[in-house]
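Listed below are the residues making up each chain.
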Amino acid sequence: MLKVKLRRAPRLDPAVPRAIPVTEGAALAPPLAAAAEAARFTGRAGQVLDLPMPEGRVLLIGAGTPRRPLDWEMAGGAAAAAAGKAGRLAIEARGLAPGDAAAQAAGACLRAWRFTHYQEKPEPGPAALDLILDDPDAVAPHWDRAAAAVRGCLLARDLTAEPGNRLTPKEFAARLKDLSEHGIAVDVLGRKRLEEEGLGGLLAVGRAAAQGPRLAVLRWPGSIEARPIAFIGKGICFDTGGISIKPAAGMEEMRSDMAGAAACAGAMLALALRRSPAPAVAVLALAENAVGADAYRPGDILRMGSGRTVEVVDTDAEGRLALADAMHYATRRLQPRAMLDLATLTGAIVTALGHHHAGLFGNDAALLAEAGVAGEMVGEPLWPMPIGERHREDLRSDIADLKQCATGRFLPDACHAAAFLREFAGDRPWAHLDIAGVARRAEAAALGPKGPSGFGVRLLDKLVSLYFEEPEHH
Amino acid sequence: MLDIAFVKPALPRHGALVLPVAEDGRLEGLAQAIDTASGGAIGRALAAASFKGRKGQNCTIWAPTLEGGAQGPSRIVAIGLGKPEELTPEAVEAAGGAILPLINAEREAVIAAEALAPPLAASLAMGLLLRSYRFDRYRTTEKEEDKPKLERVAVATDAAPAAKSAWAPMLAVAEGVFLARDLVSEPPNVLNPAEMAERCRSLERLGLQVEVLGPKEMKKLGFGALLGVSQGSANEPRMVVMQWLGASGNNGGKAKKPQKPVAFIGKGVTFDTGGISIKPAAGMEEMKFDMAGAGAVIGAMAALAGRKAKVDAVGLVGLVENMPSGTAQRPGDVVKTYSGQTVEVINTDAEGRLVLADVLSYCQERFQPRFMIDLATLTGAIIISLGHEHAGLFSNDDELAQRILAAGKAVAEPCWRMPMGEAYDKQIKSDIADMKNVGGRPGGSITAAQFLQRFVNTKQGPMPWAHLDIAGTAWASKDLPVVPKGATGFGVRLLDRLVAEHYEG
């Protein structure tokens with residue numbers, strides 16, 4: 001993450017470009033005004049004008065007509081993108097409300113994130129940010145709060161970017177244990193305890209891999225008397241598809257099939273960093289879906305943690321098996337007041353919604369609406385999707401309590417997966433976010449480069465801050 | 001079509017007697033009369049079968065012995081209506097549908113509907129009628145005993161006149177639904193574009209004005225996209241314009257000033273091979289229903305005319321066959337649409353949107369409608385998105401979308417709103433033309449809707465528009481409450497209900 005300094009004045013260093021956000025139609029100082037007019041820069045969102053000046057580069061950033069902090073985040077993101085190879089960037093935030101000023105820094109940090117861990121000589125780029133302010137002390141608390149969510153998001157991206165040979169289930173669990181330094185209690189259940197719990201779904205999915213599956217349970221105590229909100233994450237560290245193996249083309253992307261778990265972990269970090277009063281837990285199903293001599297097979301029948309039996313149809317529909325057990329564990333052991341699961345679950349949701357909305361399913365209209373509001377506010381939009389009677393009927397099995405997915409052509413598999421998961425939500429308010437289409441960006445956007453997006457972290461953090469920091473929800 | 005009548009209650013002496021019973025409801029009217037006539041045997045039989053009137057429950061009692069050796073019905077069918085407080089028209093309709101298979105082997109049936117308010121009695125009959133649809137035109141060797149026998153159903157009610165007046169418009173709508181189902185069921189060698197246009201023309205008998213445009217006329221108009229799709233087929237394309245001037249003209253009295261009409265546009269690909277981008281063989285026979293959007297529009301226009309709806313409405317259908325051949329359109333071709341915009345054809349199997357593009361802009365320019373709704377079996381992606389319960393609804397207007405959602409819910413043709421937006425629109429940018437006709441797998445139904453939206457011209461002000469992707473709902477792979485397996489006619493009742501709720505009078 002960028003090292004952010006809140007300053008009253010820019011450094012007098014020509015190597016530090018100074019970004020000036022310009023709202024649409026706003027007047028500029030004379031030398032800039034002439035250049036802007038010549039270049040037809042009007043301040044429209046998305047416009048950038050890079051002006052070499054004697055005192056250093058000035059970046060005019062089109063901020064459009066900002067209405068929400070999110071708009072200022074996007075301006076900050078555009079500034080970071082425009083900085084290019086400069087190692088330090090200054091963003092002009094004088095005259096802005098403290099929250100909007102902080103939002104610019106947040107946007108810049110999100111956009112400037114890079115994953116260069118495995119590159120000997122990474123491309124140069126911004127590593128530090130000066131946020132230029134009228135009153136740094138007034139902005140500091142806003143920035144601390146925004147930075148917590150940003151750090152959570154970037155943790156999720158870091159985890160998601162890691163390859164399958166590095167971020168194994170064991171390593172993922174170890175990284176989660178590091179979160180205890182922030183006051184998060186971390187408990188990792190290995191194979192033996194999973195067997196004691198009877199989590200047959202997760203055990204089957206992780207069975208063929210050299211490293212066994214794990215269930216990581218993260219607890220943030222909060223400070224109010226309330227049952228926790230629970231985040232359930234799919235953490236398939238690599239997904240070959242198993243016996244129902246995937247085609248080779250594009251399989252490398254399956255290293256990010258743990259983006260849901262990463263997002264939940266990131267959200268926990270965000271809550272802890274900003275000392276959220278809300279108690280929260282995360283239950284993360286970590287496993288590698290490998291091929292192997294002892295792999296689970298299509299046709300196998302699994303006994304899940306809840307006692308239900310499931311007929312396996314397609315070993316590549318492993319996420320729902322792992323999640324179902326994690327959801328069951330959460331409802332039984334942690335008594336959450338609401339539960340949200342995040343998962344890169346289906347290709348069908350990509351066909352349905354593309355890359356611009358995550359699919360939102362669930363059993364509780366209020367919780368779904370709240371998740372939608374939170375997503376809009378942070379630029380992680382959701383779209384409600386149905387779980388119909390037919391979707392559940394399609395999962396009837398001849399031999400077990402239910403099938404894990406349906407068979408045939410043109411299957412609404414995202415809906416089927418949600419119908420499956422609903423069976424394990426019990427009577428808890430539950431929302432399911434299928435993030436398969438949004439967990440990675442195919443190209444750079446305002447708030448992130450190409451690659452893992454960290455989708456969900458900021459949404460969950462916002463959801464908690466809006467609706468779960470009072471003892472009574474709703 | 002079944003003959004349905006509303007009559008004063010009288011016990012039948014043959015056929016079936018149907019007793020719709022609400023949960024924990026007592027036997028009343030004819031039900032009570034037959035129970036008494038049987039010396040209480042009916043009530044005891046129902047109790048023995050644990051029949052409680054729950055939704056979905058039914059119980060058949062064969063040839064009850066009546067006191068004094070009186071002649072009675074050959075079967076009594078009790079059907080559960082569920083909880084009295086949940087007796088919505090939709091629920092009653094579904095119960096009516098559930099009756100049909102239980103009495104289909106009788107020639108006649110009497111339904112004891114005295115406990116239902118007259119409109120609900122009519123809804124019960126509507127469900128029964130809709131479920132009774134059968135397309136057997138091409139069965140020549142079916143054995144007599146395998147055929148359904150039911151010909152006449154008498155709905156017994158103490159308020160027969162009120163039930164009849166509720167029934168008249170419903171019957172017209174059912175006829176529209178059956179018309180749509182017939183069109184969708186017809187094989188593609190019979191129902192080509194010219195034949196489909198002829199069937200539209202036959203609706204003039206209902207008072208519809210019908211114009212049929214052939215390739216010459218469409219070429220003159222500049223329908224480059226529609227004609228590009230049809231150019232590979234030996235069967236010429238047609239566009240049919242149907243007008244119902246129920247508010248301003250056709251309604252008996254003298255003509256009034258025409259209103260801005262409501263407009264329905266349908267995709268009518270009478271068979272879709274995919275063209276040069278040919279489809280896999282498995283399941284291709286289903287592509288005869290790729291004209292179901294047009295079928296629904298035609299059915300809806302027939303319904304509006306049939307019940308003399310007080311609305312001005314236009315229905316336009318683009319009818320083509322998509323074939324591969326030496327003259328077929330190729331991937332890479334660029335076509336010019338009626339709107340003047342150009343399209344790079346990437347995939348000749350994304351043909352429906354090309355047909356709709358020309359018809360949408362033509363409709364808007366010629367009629368300046370209040371809104372436009374198009375119906376189309378447009379994408380496989382909508383089935384992967386939603387399955388077979390909901391049609392995908394895309395719209396640029398929240399009010400229209402809400403009204404469509406409500407209308408669909410009321411008539412068992414549910415829709416689900418899907419997103420649109422600039423980010424999706426970018427996916428159909430072309431390097432050579434104004435747009436390309438596919439935007440890739442991600443959000444495949446959404447990019448199809450974005451394509452269509454580019455032919456809704458909002459330069460002269462807002463033009464409310466909605467697109468219903470009915471690829472998943474046009475055909476039922478199994479029996480549904482008011483739809484037998486096969487062509488559903490999805491859309492006819494929805495459009496009719498939408499008009500009835502908001503655009504009449």
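Here we summarise the structure given alongside this text. Here the residue numbers are simple positions, counted from 1 along each chain's written sequence. The naming scheme follows written order: chains are lettered A onward, ligands numbered 1 onward. In keeping with the predicted nature of the model, local features appear solely for residues at pLDDT of at least 70, side-chain atom pairs appear and are counted solely at 80 or more, and the whole-chain, interface and lining totals rest on all residues. Excluding hydrogens and water, the side-chain values take into account all heavy atoms of the structure.

1. Focus: the overall build of chain A
Counting from the N terminus, the helices are DSSP H or I runs at least four residues long and the strands are E runs at least two residues long. Scanning chain A from terminus to terminus reveals 14 helices and 19 strands. Principal-axis analysis of the C-alpha atoms gives chain A an extent of 80 × 50 × 40 Å. A simple rule labels every residue: compare its accessible area, found with a 1.4 Å probe on the protein chains alone, to the largest value its type can have, and call it buried under 20%, exposed over 50%, or partly exposed in between. Looking at the 474 residues of chain A, the share that counts as buried comes to 58%. For chain A, the exposed area adds up to about 18,400 Å²; of that, 50% sits on carbon and sulfur atoms. In chain A, 55 positive and 57 negative side-chain charges are present, and the distance between their average locations comes to 3 Å. To measure how exposed things are, a 1.4 Å probe is used in the Shrake-Rupley method; for residues, cover is taken only from the protein chains shown. His is not counted, nor are the chain ends; Lys and Arg add positive charge and Asp and Glu add negative charge. To locate a charge, the coordinates of NZ of Lys, CZ of Arg, CG of Asp or CD of Glu are taken.

2. Points about the nonpolar core
Joining through side-chain atoms within 4.5 Å is the link that ties buried Ala, Val, Leu, Ile, Met, Phe, Trp, Tyr and Cys residues into a set, and such a set is a nonpolar core. Ranked by size, the top nonpolar core spans 102 residues in total, and within it B:Ile103, B:Met242, B:Phe264, B:Ile373 and B:Ile404 carry the most contacts. At twelve residues, the largest contribution of residues to this core is made by helix 5 (residues 160-185) of chain B. The contact rule is simple, with two residues in contact once any of their heavy atoms fall within 4.5 Å. Setting aside residues no more than four positions away along its own chain, B:Ile373 makes contact with B:Ala263, B:Phe264, B:Ile265, B:Leu400, B:Ile404, B:Ala466, B:Leu468, B:Leu495 and B:Leu498. By size, the runner-up hydrophobic cluster in this structure holds 92 residues, among which are A:Val188, A:Leu271, A:Ala278 and A:Ala374.

3. Regarding the pairing of strand 9 (residues 262-272) of chain B
Side-chain direction in a regular strand flips from residue to residue, so the side chains alternate between the two faces of the sheet. Residues and elements named next belong to chain B. In terms of burial, strand 9 is a largely internal element, eleven of the eleven residues being buried. Strands pair, by our definition, only if DSSP identifies at least two bridges between them. Bridging between strand 9 and strand 10 (residues 312-322) involves ten bridges; their strand directions are parallel. Bridge pairing in strand 10 places Val 262 opposite Ala 313. Running through helix 9 (residues 292-306), the crossover from strand 9 to the neighbouring parallel element strand 10 is right-handed. Here a crossover is taken to be right-handed if, once the strands point away from the viewer, the path from the first strand over the helix to the second is traced clockwise.

4. What about unusual backbone geometry?
Residue and element names in this part refer to chain A. The backbone of Arg 275 sits at a positive phi, close to 50 degrees, despite the residue not being glycine. With respect to the secondary-structure elements, Arg 275 resides in the loop between helix 8 (259-273) and strand 10 (280-289). Assessed through its relative accessible area of 54%, Arg 275 is described here as exposed. Within the chain, Phe 410 stands out as a residue other than glycine whose phi angle is a positive 50 degrees.

5. Focus on the pattern of salt bridges
Salt bridges are defined as contacts in which a side-chain nitrogen from Lys or Arg sits within 4 Å of a carboxyl oxygen from Asp or Glu. Counted according to the given criterion, the structure contains 49 salt bridges over all chains. Close ionic contact of A:Arg11 with A:Asp130 constitutes a salt bridge, the shortest N to O distance being 2.5 Å. One end of the pair, A:Arg11, is in the loop between strand 1 (3-7) and strand 2 (18-23); the other, A:Asp130, is in strand 6 (residues 128-132), and 119 residues separate them in sequence. Judged by its relative accessible area of 0%, A:Asp130 is buried. Each member of the salt-bridge network shares a partner with another, and the members are B:Arg107, B:Glu108, B:Glu151 and B:Arg152.

6. Notes on the packing of helix 4 (residues 136-161) of chain A against helix 8 of chain A
All names here are of chain A. Only C-alpha atoms enter the line fits that serve as axes; for helices the fit covers just the stretch in contact. Angles between N-to-C directions range over 0 to 180 degrees. Here helix 4 crosses helix 8 at 155 degrees, and the two axes come no closer than 7 Å. When the axes of helix 4 and helix 8 are compared, the pair comes out roughly antiparallel. Crossing angle aside, the handedness with which helix 4 passes helix 8 is right-handed. Touching Ala 148, Ala 149, Arg 151, Gly 152, Leu 155, Ala 156, Leu 159 and Thr 160 of helix 4 are Ala 259, Ala 262, Ala 263, Ala 265, Gly 266, Leu 269, Ala 270 and Leu 273, all from helix 8. Amino acids are sorted into nonpolar (Ala, Val, Leu, Ile, Met, Phe, Trp, Tyr, Cys and Pro), charged (Asp, Glu, Lys and Arg) and polar (every other residue, Gly among them). Here the contact of helix 4 with helix 8 is composed, by residue class, of twelve nonpolar, three polar and one charged. When an angle is under 35 degrees it counts as roughly parallel; over 145 it counts as roughly antiparallel; between 65 and 115 it counts as roughly perpendicular; any other value is oblique. Rotating anticlockwise by less than a right angle from the far helix to the near helix defines a left-handed crossing, while the corresponding clockwise rotation defines a right-handed one.

7. Description of helix 3 (residues 98-112) of chain A
For helix 3 of chain A, spanning 15 residues, the distance from its first C-alpha to its last is 21 Å, which sits close to the expected 21 Å at 1.5 Å a residue. Counting buried positions over the 15 residues of helix 3 of chain A gives 13, a clear majority of the element. Multiplying one less than the number of residues by 1.5 Å gives the expected span of a helix.

8. Considering the side chain of A:Arg111
Residues and elements named next belong to chain A. Within the fold, Arg 111 resides in helix 3. Within the buried core, Arg 111 has no salt-bridge partner, and the shortest N-O distance to an opposite charge, that of Glu 443, equals 10.0 Å. If we ignore the near neighbours within four places in the chain, the residues touching Arg 111 are Gly 77, Ala 80, Ala 81, Ala 444, Ala 445, Ala 446, Leu 447, Gly 448 and Pro 449.

9. Topic: the packing of aromatic side chains
All names here are of chain B. Within 6.5 Å between ring centres, the rings of Phe, Tyr and Trp (the latter by its six-membered ring) count as paired, and their orientation is classed by plane angle as stacked under 30 degrees, edge-to-face over 60, tilted in between. In total, this model carries 13 aromatic pairs over all chains according to the counting rule given. Centre to centre, the rings of Phe 451 and Phe 455 are 5.3 Å apart; their planes meet at 45 degrees, and the pair counts as tilted. As far as the burial class goes, Phe 451 and Phe 455 line up, both buried.

10. Overview of the interface of chain B and chain A
With 28 residues of chain B in contact, the opposing surface of chain A contributes 25 residues. The contact between chain B and chain A buries some 2,200 Å² in all, and 59% of this surface belongs to carbon and sulfur atoms. When the area that chain B buries against chain A is broken down by residue, the three leading residues are B:Ile384, B:Glu389 and B:Arg441, summing to 26%. Applying the counting criterion to the chain B and chain A interface returns two salt bridges. Two parts lose some accessible area (1.4 Å probe) when they are put together, and adding that loss for both gives the buried area.

11. Re the side chain of A:Thr351
Here A:Thr351 shows up in helix 10 (residues 348-353). Residues contacting A:Thr351, with those up to four places away along its chain left out, are B:Ala381, B:Ile384, B:Ser385, B:Arg441, B:Pro442, B:Gly443 and B:Gly444.

12. So, the environment of A:Leu32
Residue and element names in this part refer to chain A. Tracing the backbone through its elements, the reader meets Leu 32 in helix 1 (residues 30-38). Separated by 21 residues in sequence, Leu 32 and Met 53 have C-alpha atoms that sit 9.6 Å apart. Contact partners of Leu 32, with chain neighbours within four places excluded, come to Ile 20, Leu 51, Met 53, Val 58 and Leu 60.

13. Points about the pairing of strand 2 of chain A
Residues and elements named next belong to chain A. Summarising the sheet, strand 2 and strand 4 (residues 56-64) pair through six bridges and their orientation is parallel. Residue pairing in the sheet places Thr 23 in a bridge with Gly 64 of strand 4. In the sheet, strand 2 pairs with strand 5 (residues 88-92) via two bridges, with the strands oriented parallel. Its bridge partner lying in strand 5, Arg 18 is registered against Ala 90.

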